[in-house]
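# A look at the structure
For reference, the chains in residue letters:
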Amino acid sequence: MFVPEYTITPKALKNISTLEYGKAIIENTTILPSWENQLKKESIVRIISGSLNLLGYTADNKKIKAAVDNISTIPNQEVSYLINAVDLLDSISQKNEIDENDLKEINKALTKTGIYRNSKKEGKILPEEILAETVQLFDWLNGLDAKDTHPVITAVIVKATLDLIEPFENLNSVTSNLITYLILRSSGYGFKIFITMYRWNHSTRREYQQLVEQIDTKDPDYTEWIDYFTEGLASEISTISQK
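Here's a quick rundown of the structure. Just so you know, these numbers come straight off a predicted model, no measurement behind them.

## Brief notes about a nonpolar patch on the surface
A grouping of Leu54, Leu55 and Tyr57 is seen on the molecular surface, where their side chains present a nonpolar patch of about 240 Å² in accessible area. Within the element layout of this structure, leucine 55 appears in the loop between α2 (33-54) and α3 (61-68). A relative accessible area of 33% places leucine 55 in the partly exposed class.

Here is the structure:
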């Protein structure tokens, strides 16, 4: 049974207050359909560009935007897979619950496999434990405890846990980012599909890596993760609300 341990710090509370304030501004601001569509496309381009940077590729935002707009050919296979994965989020978001199979489908869209790893990784759980750990995580996500938890904190816990498990052979970080984005969107915190974490992740990559290295994988405490991710989301939503 998955029971996450964490403490809500004053820093996290301040960040969540910033998020709620920005959410209220966005939801009560009239945005012209053309401008809203433009902001959504910019968000998709940032998701794809940020994912490519995470994978070590140089991203050309102009070419990515042209591919998203269907006015030019897709520049490479990685961009094609990412566009497919982002499109998949739309169909999954229509479901009542997000489950372990959705996670595999997202990774499949990215890698054409979507199969849990069968190789050992240093500091990660054994391959034979992945299925049980992942199912327990999503059982928690769809259970009463998670539903009584603030959606942002829920999303952070899922993201952190998946990064600790690394269930797939490849593209674990991109997969966990997309499922986290999906959770936020499905719970009303997608901020009209404008929000992403990629600018924050890129500028604080060393801090993020330290979180991954320092956390106890057997008995994790998510407090520092919640502080880190809520600060990133608060920073992003402040940028969006100013637009």
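## Focus: the packing of α2 against α3
At a minimum axis separation of 10 Å, α2 and α3 run at an interaxial angle of 125°. Considering the angle they form, α2 stands oblique to α3. Here α2 and α3 pass one another in a crossing that is right-handed. Seen from α2, the contacting residues are Gln38, Ile44, Val45, Ile48, Ser49 and Leu52; seen from α3, they are Asn61, Ile64, Lys65 and Val68.

## A closer look at the layout of surface pockets
By volume, the second largest pocket is sized at about 330 Å³. Lining the second largest pocket are 19 residues, with Phe2, Glu133, Thr217, Lys218 and Pro220 sitting closest to its centre. Its residues assigned to classes, the lining of the second largest pocket comprises 9 nonpolar, 4 polar and 6 charged.

## Notes on a negative patch on the surface
There is a patch of like negative charges on the surface, built from Glu5, Glu207, Asp219, Asp221 and Glu224. Mapped onto the secondary structure, glutamate 224 falls in helix α12 (residues 223-242).

## Looking at unusual backbone geometry
The residue lysine 112 is not glycine, and still its phi comes out positive at about 70°. Counting through the fold element by element, lysine 112 comes out in the loop between α5 (100-111) and α6 (127-141). Positive phi outside glycine occurs at leucine 171, with the angle close to 60°. Mapped onto the elements of the fold, leucine 171 is located in the loop between α8 (151-165) and α9 (172-186). Accessibility expressed as a relative area gives 23% for leucine 171, which makes it partly exposed.

Cut-offs applied
- Residues numbered from 1 in each chain as written.
- Predicted model: local features only at pLDDT ≥ 70, side-chain atom pairs only at ≥ 80, totals over all residues.
- Heavy atoms only, no water.
- Patch = residues over 30% accessible without salt bridge, like charges linked within 9 Å, V, L, I, M, F, W, Y side chains within 5 Å.
- Areas by Shrake-Rupley, 256 points an atom, 1.4 Å probe, with all protein chains shown as cover.
- Salt bridge = Lys/Arg side-chain N within 4 Å of Asp/Glu carboxyl O.
- Helix = DSSP H or I, 4+ residues; strand = E, 2+ residues; numbered from the N terminus.
- Buried < 20%, exposed > 50% of the residue type's maximum accessible area, 1.4 Å probe, protein only.
- Axes fitted to C-alpha atoms, helices over the stretch in contact; angles between N-to-C directions.
- Parallel < 35°, antiparallel > 145°, perpendicular 65-115°, else oblique.
- Left-handed = near helix turned anticlockwise from the far one by under 90°.
- Contact = heavy atoms within 4.5 Å.
- 1 Å grid on protein atoms, 1.4 Å probe; cavity = no way out; pocket = protein on both sides within 12 Å on 5 of 7 lines; lining within 4 Å.
- Points joined across faces, edges and corners; volume = space filled by probe spheres on them.
- Nonpolar A, V, L, I, M, F, W, Y, C, P; charged D, E, K, R; others polar.
- Lys, Arg positive; Asp, Glu negative; His and termini not counted.
- Charge placed at Lys NZ, Arg CZ, Asp CG, Glu CD.

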